[in-house]
Amino acid sequence: MIIDTHCHLYLEQFQHDIDDVIANAISNDVQRILLPNIDLNTIPDMLKLCEKQPELFRAMIGLHPCDVTPEYPHILETMKPYLSNKNVIAIGETGIDLHWEKETLGIQIESFEIQIEWAKSFNLPIVIHARESFQEIFDVLKQHDSPELSGVFHCFTGGKKEVHEIMSLNKFYFGIGGNSTYPKKNYGNILTEIPRNRIVLETDAPFLSPVPNRGKRNEPQFIKHTAEFVANALGIELKELTHLTSKNAIDLFGPSIA
Ligand SMILES: [Zn+2]
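Notes on the structure follow.

Quick look at the overall build of the chain now. Summing up its helical and strand segments, the chain has nine helices and eight strands in all. For 258 residues, the compact-globule estimate of 2.2 N^0.38 gives 18 Å, and the chain sits close to it at 17 Å. Each principal axis of the C-alpha distribution contributes one length, and for the chain these read about 45 × 40 × 35 Å. Within the chain, the fraction of its 258 residues that count as buried is 58%. Within the chain, contacts between residues at least 6 apart in sequence are counted, and of these 73% link residues at least 24 apart.

Here it is in structure tokens:
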């Protein structure tokens with residue numbers, strides 16, 4: 001069993017062949033797909049997938065850092081009631097992106113902080129998007145860290161220093177995606193630094209396809225390539241790796257994804 005902990009299957013890139021994509025995921029042992037939200041507009045299609053196939057999908061509620069505008073307080077208020085939807089298992093994705101959106105850093109931090117408070121008060125894990133912003137995110141998390149806060153750095157691409165800083169927080173996991181397989185990153189060395197009980201797998205589909213599908217649309221069935229890469233880097237059998245990462249995902253996101 002493989003759990004894809006981060007996948008945007010409700011986006012238009014999948015509209016024409018969603019049934020095939022789902023069938024291929026299932027026949028490749030992907031038994032659970034977690035859907036991080038992006039903005040207000042993506043909520044209906046995301047929840048529709050959960051209703052269509054409740055055995056496969058779970059949803060998250062959050063505002064992506066690249067979509068934070070000055071209207072964010074109103075947008076978050078409008079989103080908040082969805083947190084009690086039975087299919088919602090996490091807050092996200094949130095975080096800070098300084099690659100695409102440098103000018104909005106101030107409101108990205110404010111929006112992130114509100115979503116951290118949601119995570120604490122609703123007792124849900126938080127899914128963090130970090131792009132060229134590790135220090136800013138770490139500073140915010142250090143201020144808000146507490147025994148009831150847990151979450152994941154999705155598509156983690158940091159180095160040893162970042163691994164150790166994240167491990168100093170209460171309970172954060174490392175989402176390993178297709179970009180870990182890109183040769184330039186030499187990422188195998190970093191994977192051995194991450195405690196094994198904190199690694200979860202993800203695709204971030206339709207983005208960041210793993211080698212050998214790099215550059216093509218990503219989809220959940222390709223998670224097997226990332227799983228093979230990680231198993232190789234850790235020197236363990238593929239079966240052991242998928243068992244381990246599924247157990248970690250259930251520890252983080254709760255028994256409803258088991
Ligand atoms: Zn994402």
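Here the narrative resumes.
Overall, the coordinates contain eight salt bridges when judged by the stated rule. Here lysine 161 and glutamate 165 are joined by a salt bridge, their closest N and O atoms 3.7 Å apart. Taken together, the residues lysine 161 and glutamate 165, both in helix α6 (residues 160-167) and four residues apart, mark about one turn of the helix. Counted as one network, the salt bridges with shared partners bring together Asp17, Arg217 and Glu219.

Here we take up the pairing of strand β2 (residues 30-35). β2 sits mainly inside the fold: five of its six residues count as buried. Handedness of the strand β1 (residues 2-4)-helix α1 (residues 18-27)-β2 crossover: right-handed. Where β2 meets strand β3 (residues 57-61), three bridges bridge the pair, whose relative direction is parallel. Residue pairing for β3: leucine 34 is matched across the bridge by arginine 58.

The subject of this paragraph is the side chain of serine 146. Examined against the element boundaries, serine 146 turns out to sit in the loop between α5 (134-144) and β6 (150-153). With residues up to four places along the chain from it excluded, the contact list for serine 146 reads Lys120 and Asn170.

Quick look at the coordination of the zinc ion now. Within the protein, the atoms that donate to the zinc ion are His6 (NE2), His8 (NE2), Glu93 (OE) and Asp204 (OD), at distances of 2.0 to 2.6 Å. Each donor residue of the zinc ion belongs to the same chain, with the gaps between them written as H-x1-H-x84-E-x110-D. Placement of the pair is histidine 8 in the loop between β1 and α1 and glutamate 93 in strand β4 (residues 88-97), with a sequence separation of 85 residues. For the residue pair histidine 8 and glutamate 93, the accessibility class agrees, reading buried in each case.

Note on placement: proline 183 falls in the loop between β7 (171-176) and α7 (188-191). Each C-alpha atom of the pair proline 183 and valine 211 lies 8.8 Å from the other, and the pair is 28 residues apart in sequence.

Calculation notes
- Residues numbered from 1 in each chain as written.
- Predicted model: local features only at pLDDT ≥ 70, side-chain atom pairs only at ≥ 80, totals over all residues.
- Heavy atoms only, no water.
- Helix = DSSP H or I, 4+ residues; strand = E, 2+ residues; numbered from the N terminus.
- Rg over C-alpha atoms; globule rule 2.2 N^0.38 Å.
- Buried < 20%, exposed > 50% of the residue type's maximum accessible area, 1.4 Å probe, protein only.
- Contact = heavy atoms within 4.5 Å.
- Salt bridge = Lys/Arg side-chain N within 4 Å of Asp/Glu carboxyl O.
- Right-handed = clockwise from strand over helix to strand, strands pointing away.
- Pairing = 2+ DSSP bridges.
- Donors = N, O, S within 2.8 Å, 3.2 Å for Na, K, Ca; no water.

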